[in-house]
Every structure is written in structure tokens, then in C-alpha cells.
Amino acid sequence: MLNYLWIAMLILGVMVGAVTGHMQEISNAVVTSAQDAVDLCITMLGIMAVWTGVMKIAQTSGLLQKLSRILEPVIRFLFPNLPKDHPAAGYISTNCVANILGLGWAATPAGLKAMEELENLEDERRKNQQEKGRGKKLSGCVREKGIASNEMCTFLILNISSLQLIPVSIIAYRSQYGSANPAAIVGPAILATAVSTGVAVIFCRIMDRKQRR
């Protein structure tokens, strides 16, 4: 659907430019925008390489594992039905740490692995339910195949709200486009993402309790 919207906007813009006699401006904008896009990609590539390297160093040195352990009580609170020492907990913690540091691209692999482990957990619950042959729901609200569990929904919402202490991408964008103080966005970004994450946590807890009832 989004592709159709972009195509429609481009076609409409060209048509309006042709009707109003601004085709030269459109041609210039195409060339300039293409150059800006390449420059931005090169800038983001450098920043991504630096921070991904920092993330790798943190992982190798054990810092990432320590941060994950600090987040363990939070993970237990947000995912009360997640078994203790389940592999998904480690991936969820890693994903949260990466997002907090503003490394969305580094958080993606851990997020995918977390979803995979949560799906495996749901499959195990479903299998146990079938073996017992009862219609009673087990801990975690077992669902049909292909339907996301409460844990999966909670993780997705948290990943989208994404509390960030260092909005690396936005700082890079502001720097690329000549901002006098690219890091000035840090304070508002922390406030905005803290509010969005807080709302996400409250929503997840309310929906979890509603599902239990």
C-alpha cells in the first residue's frame, strides 16, 4: 500500500509541475535529491559502522551481558509468563539495550531471534496442551498456530516504542543537513521515547490482565 502512495505522489507532483510550467525545477530537484540521498547513505554508513563496532566490543567484553542482567528484573516484570533462564530473555535484553543506545540496526538480529524463541515457546505450550488433551489454557495464554502470543505482542510494542538515550540516527540526519547543534535533540528524544515506552508498558499490562480474566 505504501508503494502505491509513493508512486501516486510522484506522478501527481510531475503532473502538477508540467501543468504549472515548473518541469525544470522538478528535473533539478531529482538530480539534487539523488545526490543528497547518496551523501546521506555514506554518512549513515560511517556512523552505523562505528556504533556497530562499539556494540561488538561491548558484547565481547561482557558489558552487554552485564547490562542485560541489570534489565533482568524489568524483563521478568514485563514477561511474567516467560520461563526462568529461557533463551528469549537474553535476546530481549540485548534488543532493549541496543535500542536504548539508539542502535536500531544492531537490535534487529536480536529482535528476530527473540521472536523465534518466543514462537518456539508457544509451540511447546501448544504441544503440551494437546498431549494433556484438555481445553484448559496453560500459563501464557496458548493460542492457535500463527497467532502471536501475549509475550510476542508485548515485545513488539516495546520494540516499537523504543526508549532511546542516544538517538544516533536523528543526530546523524541533523548533522548531515547542517544543524548548528545536532545533539540538541537528545533531551526531547529521551522525554518522548520515555513517555511512549511508559504508555506501551501500561498498555501491555492492562491487556495481559484482561486476557487472563
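Basis of the calculations
- Residues numbered from 1 in each chain as written.
- Predicted model: local features only at pLDDT ≥ 70, side-chain atom pairs only at ≥ 80, totals over all residues.
- Heavy atoms only, no water.
- UniProt positions renumbered as here; feature names shortened; annotations may be inferred.
- Helix = DSSP H or I, 4+ residues; strand = E, 2+ residues; numbered from the N terminus.
- Polar contact = N/O pair within 3.5 Å; in protein donor to acceptor, adjacent residues only side chain to side chain.
- Contact = heavy atoms within 4.5 Å.
- Patch = residues over 30% accessible without salt bridge, like charges linked within 9 Å, V, L, I, M, F, W, Y side chains within 5 Å.
- Areas by Shrake-Rupley, 256 points an atom, 1.4 Å probe, with all protein chains shown as cover.
- Salt bridge = Lys/Arg side-chain N within 4 Å of Asp/Glu carboxyl O.
- Buried < 20%, exposed > 50% of the residue type's maximum accessible area, 1.4 Å probe, protein only.
- 1 Å grid on protein atoms, 1.4 Å probe; cavity = no way out; pocket = protein on both sides within 12 Å on 5 of 7 lines; lining within 4 Å.
- Points joined across faces, edges and corners; volume = space filled by probe spheres on them.
- Nonpolar A, V, L, I, M, F, W, Y, C, P; charged D, E, K, R; others polar.
- Axes fitted to C-alpha atoms, helices over the stretch in contact; angles between N-to-C directions.
- Parallel < 35°, antiparallel > 145°, perpendicular 65-115°, else oblique.
- pLDDT = per-residue confidence, 0-100.
- Expected span 1.5 Å × (residues − 1).
- Core = buried A, V, L, I, M, F, W, Y, C linked by side-chain atoms within 4.5 Å.

Colleague: I'd love a proper account of the UniProt feature "transmembrane region" (unreviewed entry) in the protein chain, names of residues and values included.
Modeller: Within this numbering scheme, the UniProt entry marks residues 37-58, 153-173 and 185-207 as carrying the feature "transmembrane region" (unreviewed entry). Secondary structure content for residues 37-58 is 100% helix and 0% strand, while the C-alpha to C-alpha distance between its ends is 31 Å.

Colleague: Tell me what's going on with the side chain of Ser-161, and back it up with residues and numbers.
Modeller: Topologically, Ser-161 is positioned in helix H7 (residues 150-161). A polar side-chain atom of Ser-161 sits 3.0 Å from the main-chain carbonyl oxygen of Leu-158. Aside from chain neighbours lying at most four places away, what touches Ser-161 is Thr-193, Ser-196, Thr-197 and Ala-200.

Colleague: Go over a nonpolar patch on the surface, please, and point to the residues and values.
Modeller: Judged by side-chain polarity, Met-1, Leu-2, Tyr-4, Leu-5, Trp-6 and Met-9 come together as a nonpolar surface patch covering roughly 790 Å² of accessible area. Position of Met-1 relative to the elements: it lies in the segment before helix H1 (2-20). Judged by its relative accessible area of 73%, Met-1 is exposed.

Colleague: How would you explain empty space enclosed by the protein if you had to name every residue and give the values?
Modeller: Taken as a whole, this structure holds 1 cavity of 30 Å³ or more when the rule is applied. Surrounding the largest cavity, Leu-78, Phe-79, Pro-80, Asn-81, Asn-150, Glu-151, Thr-154, Cys-204, Arg-205 and Asp-208 form its lining. For the lining of the largest cavity, the secondary structure elements donating two or more residues are H7 and helix H9 (186-212). Among the residues forming the lining of the largest cavity, the class breakdown is 4 nonpolar, 3 polar and 3 charged.

Colleague: Quick rundown of the layout of surface pockets? Include the residues and the values.
Modeller: Taken as a whole, the largest pocket holds about 320 Å³ of empty space. For the largest pocket, the lining is made up of 14 residues, of which Gln-59, Leu-64, Thr-94, Ala-106 and Ala-110 are closest to its centre. Of the residues contributing to the lining of the largest pocket, the split by class is 7 nonpolar, 5 polar and 2 charged.

Colleague: Give me the environment of Ala-183: which residues, what numbers.
Modeller: Examined against the element boundaries, Ala-183 turns out to sit in the loop between helix H8 (168-176) and H9. For the pair Ala-183 and Ser-33, spaced 150 residues apart in the sequence, the C-alpha separation amounts to 24 Å.

Colleague: Can you tell me about the packing of helix H2 (residues 23-61) against helix H3 (residues 63-70), naming the residues and giving the values?
Modeller: Following both chains from N to C, one finds H2 and H3 inclined at 80 degrees, their axes separated by 4 Å at the closest point. In terms of orientation, H2 lies roughly perpendicular with respect to H3. Contact residues: Met-55, Ala-58, Gln-59 and Ser-61 in H2; Leu-63, Leu-64 and Gln-65 in H3. In the contact of H2 with H3, the residues fall into 4 nonpolar, 3 polar and no charged.

Colleague: Lay out the confidence of the model for the protein chain in plain terms, naming residues and giving numbers.
Modeller: Mean pLDDT over the protein chain: 79, with 92% of residues reaching 70 or higher. By mean pLDDT, the top-scoring element of the protein chain is H1 (86), and the lowest-scoring one is H3 (75).

Colleague: Explain H1 to me, and be specific about the residues and the numbers.
Modeller: If you check H1, its first and last C-alpha atoms are 27 Å apart, about what 19 residues at 1.5 Å a residue would give, namely 27 Å. Of the residues one or two after H1, Gly-21 is the one with positive phi, at around 80 degrees.

Colleague: Give a description of the environment of Asn-159 that names residues and reports values.
Modeller: Along the chain, Asn-159 turns up in helix H7. For Asn-159 and His-22, which are 137 residues apart along the polypeptide, the C-alpha to C-alpha distance reads 43 Å. Each residue touching Asn-159, except ones within four places of it in the same chain, is listed here: Asn-95 and Asn-99.

Colleague: Provide a residue-level description of the nonpolar core, including the pertinent values.
Modeller: Generally speaking, soluble globular proteins have nonpolar side chains that are buried together. Phe-79, Leu-82, Ile-92, Leu-118 and Phe-155 are the most contacted members of the largest nonpolar core, which has 21 residues in total. For this core, the secondary structure elements donating two or more residues are helix H4 (72-78), helix H5 (87-100), helix H6 (104-132) and H7. Sequence-distant contacts of Leu-82, defined by excluding residues within four places in its chain, comprise Arg-76, Ala-88, Ala-89, Ile-92, Leu-118, Leu-121, Arg-125 and Glu-151.

Colleague: Which residues make up the packing of H3 against H5, and what values do they have?
Modeller: H5 packs onto H3 with a crossing angle of 105 degrees between their chain directions and a minimal axis gap of 9 Å. Classified by the angle between their axes, H3 and H5 sit roughly perpendicular to one another. Mapping the contact onto sequence places Leu-64, Leu-67 and Ser-68 in H3 and Ser-93, Thr-94 and Val-97 in H5. Split into classes, the residues belonging to the contact of H3 with H5 amount to 3 nonpolar, 3 polar and no charged.

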